[in-house]
Amino acid sequence: MKILSKTEVTKRSDTAFFWEERDIMATTNSPWVVKMYEAFQDKKHLYLVMEFMPGGDLVNVMENYEFPEKWAIFYTAEAVLAINAIHEMGYIHRDIKPENMLLDAGGHLKIADFGTCMKMDAKKKVRSDNAVGTPDYISPEVLQSQGKIALTLGIYQLLCIRVSTYELYLLPWHIERCI
């Protein structure tokens, strides 16, 4: 369950992003997107009851298990399918990173945390004058705040993730060579 403070949501002026997140998870039929089953509120908080993802996030897997190259390839391929599913729904995620890639009981990846998503226009772009996302995965055009951001954003973030999974795959070998 995701719990959001109403005060914080309204203070940050991102109530529109909350509704985008809720709508994406509530209406999806995609096997690549975490589903939302219920949303409710009380005086202080907004609550989103989402699909349980017992595998945790991709960071947890990369940090706690030996991460062979075939896993890096597998999860990169699943990330491509997940990003494509978001784009087919008409959105750009803007914060694709391993922490937002959750694993179901079968070990398959699903994208989560749609709080920074934006609806694409007819030209498959979004307009944003603010840099949004996690700095390690943010694309150059977002950092430069050039306004229109195209579908290449997801590709750039995916490449950053691929590099990070590949680095984790190489890390034990690299450490041995340095000692």
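Procedures and definitions
- Residues numbered from 1 in each chain as written.
- Predicted model: local features only at pLDDT ≥ 70, side-chain atom pairs only at ≥ 80, totals over all residues.
- Heavy atoms only, no water.
- Helix = DSSP H or I, 4+ residues; strand = E, 2+ residues; numbered from the N terminus.
- Buried < 20%, exposed > 50% of the residue type's maximum accessible area, 1.4 Å probe, protein only.
- Contact = heavy atoms within 4.5 Å.
- Polar contact = N/O pair within 3.5 Å; in protein donor to acceptor, adjacent residues only side chain to side chain.
- Pairing = 2+ DSSP bridges.
- Expected span 1.5 Å × (residues − 1).
- Phe/Tyr/Trp six-rings, centres within 6.5 Å; stacked < 30°, edge-to-face > 60°.

Draft legend 1. Just the overall build of the protein, in detail. The helix and strand inventory of the protein stands at six helices and nine strands. Among the 179 residues that make up the protein, the fraction classed as buried is 43%. For the protein, long-range pairs separated by at least 24 residues make up 63% of all intrachain contacts whose partners lie at least 6 apart in sequence.

Draft legend 2. Just the side chain of His93, in detail. Structurally, His93 is set in the loop between strand S4 (91-92) and strand S5 (101-103). By relative accessible area, His93 is classed as buried at 2%. Polar side-chain contacts of His93 include one of 3.0 Å to the backbone nitrogen of Asp95. At 3.0 Å, the side chain of His93 and the backbone oxygen of Ala112 are in polar contact.

Draft legend 3. The pairing of strand S2 (residues 36-41), seen in detail. Sheet topology note: the S2/strand S3 (residues 45-50) ladder contains five bridges and is antiparallel. Residue pairing in the sheet places Ala39 in a bridge with Leu48 of S3. Counting the residues in the hairpin turn of S2 and S3 gives three residues.

Draft legend 4. Structural detail: helix H4 (residues 69-88). Between its first and last C-alpha, H4 extends 29 Å over 20 residues, near the 28 Å set by a 1.5 Å rise per residue. Restricting attention to buried positions, one finds in H4 the residues Ala72, Tyr75, Thr76, Glu78, Ala79, Ala82, Ile83, Ala85, Ile86 and His87. Taken from the residues just after H4, Gly90 is the one with a positive phi, measuring 95 degrees.

Draft legend 5. Region of the structure containing the pairing of strand S1 (residues 2-5). Burial along S1 is one-sided: the residues Lys2 and Leu4 are buried and none of Ile3 and Ser5 is. Where S1 and S3 come together, four bridges link them in antiparallel fashion. Counterpart to Ile3 in the pairing with S3 is Tyr47.

Draft legend 6. Seen up close, the side chain of Lys2. Along the chain, Lys2 falls in strand S1. If near-sequence neighbours (up to four positions away) are discounted, Lys2 is found in contact with Glu21, Leu46, Tyr47, Leu48, Met50 and Asp113.

Draft legend 7. Molecular detail of the environment of Met25. Among the secondary structure elements, Met25 is positioned in helix H2 (residues 15-27). What makes Met25 buried here is its relative accessible area of 1%. Considering only alpha carbons, one finds Met25 and Lys35, ten residues apart in sequence, at a separation of 4.7 Å. Contact partners of Met25, with chain neighbours within four places excluded, come to Val34, Lys35, Met36, Leu48, Met50 and Phe114.

Draft legend 8. Highlighting the packing of aromatic side chains. One pass over the full model with this rule turns up four aromatic pairs. Measuring from centroid to centroid gives 5.7 Å for Phe67 and Trp71, while their planes differ by 85 degrees, and the two rings are edge-to-face. A relative accessible area of 5% means that Phe67 is categorised as buried. Looking at Trp71, the relative accessible area reads 31%, which means it is partly exposed.

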